[in-house]
Amino acid sequence: GLDAAMRQAADFEDALDRARRFAAEQRFLIATRFLMRRLGAEAAGFAFSDLAEAVVEALFERVRDAFARQHGKVPGGRASIVAFGRLGSREMTMTSDLDLIVVYDHAPDATSSDGGKSLSPMQYYTRLTQRLVAALSAPTAEGAAYAVDLRLRPSGRAGPLATHVEAFARYQAEDAWTWEHMALSRARPIA
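Residues numbered from 1 in each chain as written. Predicted model: local features only at pLDDT ≥ 70, side-chain atom pairs only at ≥ 80, totals over all residues. Heavy atoms only, no water.

1. Regarding the pairing of strand S2 (residues 98-105)
Thinking step 1. Within S2, 8 of the 8 residues are buried, leaving the element largely enclosed by the surrounding structure.
Thinking step 2. In this structure, S2 lies alongside strand S3 (residues 148-149), joined through 2 bridges in parallel fashion. The residue of S3 that forms the bridge with Asp99 is Asp149.
Thinking step 3. For the segment spanning S2, helix H5 (residues 121-137) and S3, crossover handedness is right-handed.
Thinking step 4. Where S2 and strand S4 (residues 162-164) come together, 3 bridges link them in parallel fashion. Note that in S4 the partner of Tyr104 across the bridge is His164. (Buried < 20%, exposed > 50% of the residue type's maximum accessible area, 1.4 Å probe, protein only. Helix = DSSP H or I, 4+ residues; strand = E, 2+ residues; numbered from the N terminus. Pairing = 2+ DSSP bridges. Right-handed = clockwise from strand over helix to strand, strands pointing away.)

2. Concerning the packing of helix H3 (residues 41-71) against H5
Thinking step 1. Where H3 meets H5, the closest approach of the two axes is 9 Å, and the angle between their N-to-C directions is 135 degrees. One way to sum up the angle between H3 and H5 is to call them oblique. The two elements H3 and H5 cross, and the hand of that crossing is right-handed. Residues Val55, Val56, Leu59, Phe60, Val63, Arg64, Phe67, Ala68, Gln70 and His71 of H3 pack against Tyr124, Arg127, Leu128, Arg131, Leu132, Ala135 and Leu136 of H5.
Thinking step 2. By residue class, the composition of the contact of H3 with H5 is 12 nonpolar, 2 polar and 3 charged. (Axes fitted to C-alpha atoms, helices over the stretch in contact; angles between N-to-C directions. Parallel < 35°, antiparallel > 145°, perpendicular 65-115°, else oblique. Left-handed = near helix turned anticlockwise from the far one by under 90°. Contact = heavy atoms within 4.5 Å. Nonpolar A, V, L, I, M, F, W, Y, C, P; charged D, E, K, R; others polar.)

3. Observations concerning the pattern of salt bridges
Thinking step 1. Counting across every chain of the model gives 7 salt bridges.
Thinking step 2. The shortest N-O distance in the salt bridge between Glu142 and Arg21 comes to 2.8 Å. You can see Glu142 sitting in the loop between H5 and S3 and its partner Arg21 sitting in helix H2 (residues 12-35), a full 121 residues away along the chain.
Thinking step 3. Its relative accessible area of 31% is what places Glu142 among the partly exposed residues.
Thinking step 4. Across the salt bridge formed by Glu53 and Arg188, the nearest N and O atoms sit 2.8 Å from each other. With a gap of 135 residues between them, Glu53 in helix H3 and Arg188 in strand S5 (residues 188-189) connect regions that are remote in the sequence. For the pair Glu53 and Arg188, one class covers both residues: buried. (Salt bridge = Lys/Arg side-chain N within 4 Å of Asp/Glu carboxyl O.)

4. Side note on the pairing of strand S1 (residues 78-84)
Thinking step 1. Bridge analysis of S1 against S2 gives 7 bridges, and the strand direction is antiparallel. Across the sheet, residue Ala83 finds its bridge partner in S2, namely Leu100.
Thinking step 2. In terms of strand pairing, S1 meets S5 through 2 bridges, oriented antiparallel. Among the inter-strand pairings, Val82 is bridged to a residue of S5, identified as Pro189.

5. Some details on the side chain of Arg20
Thinking step 1. By the element assignment, Arg20 lies in helix H2.
Thinking step 2. Buried within the structure, Arg20 lacks any salt-bridge partner; its nearest side chain of opposite charge belongs to Asp17, at an N-O separation of 4.7 Å.
Thinking step 3. In terms of polar contacts, Arg20 uses its side chain to reach the backbone carbonyl oxygen of Ala138, at 2.6 Å.
Thinking step 4. Sequence-distant contacts of Arg20, that is, excluding residues within four places in its chain, are made with Ala134, Ala135, Leu136, Ser137, Ala138, Thr140, Glu142, Gly143, Ala144 and Ala145. (Lys, Arg positive; Asp, Glu negative; His and termini not counted. Polar contact = N/O pair within 3.5 Å; in protein donor to acceptor, adjacent residues only side chain to side chain.)

See the structure below:
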């Protein structure tokens, strides 16, 4: 499966290609089973969603490790990827994009990461999110794994790419529109 393919990767770029190839092959197999009526619509939605979740999780691990080698880690830092939309409700199709947000937390007194090229916590998680999106959506010889949509984050396109958990909670309690609460009802953490 995907874990074996990722373990065999020679380097970061090879891991990205292996994840893309795996995603494409598995999407094709799921679609084929659906078209042959060996898989119902609900089961296909679960299968497409499980596949996307596995690919996001595997690539996030690789991206996070590579990023930490360059920038270190934020003391007490942790991040969660939250899926919205069809991935959040496990109703994906073969062509669905990924509606994601990244929520992070860190020690209250953390001011920067501990690596050679240290970053503030906000910069750290914003750049980590950018790298994850690129790993998932940048086209290579193997194509892109998934298109990623980050517009459901607080304040949409105007908001930061990654959101501190306290800012996320405050936004949802004080500023979110009704449709954002509705979108949150389909959300679930995936990595």
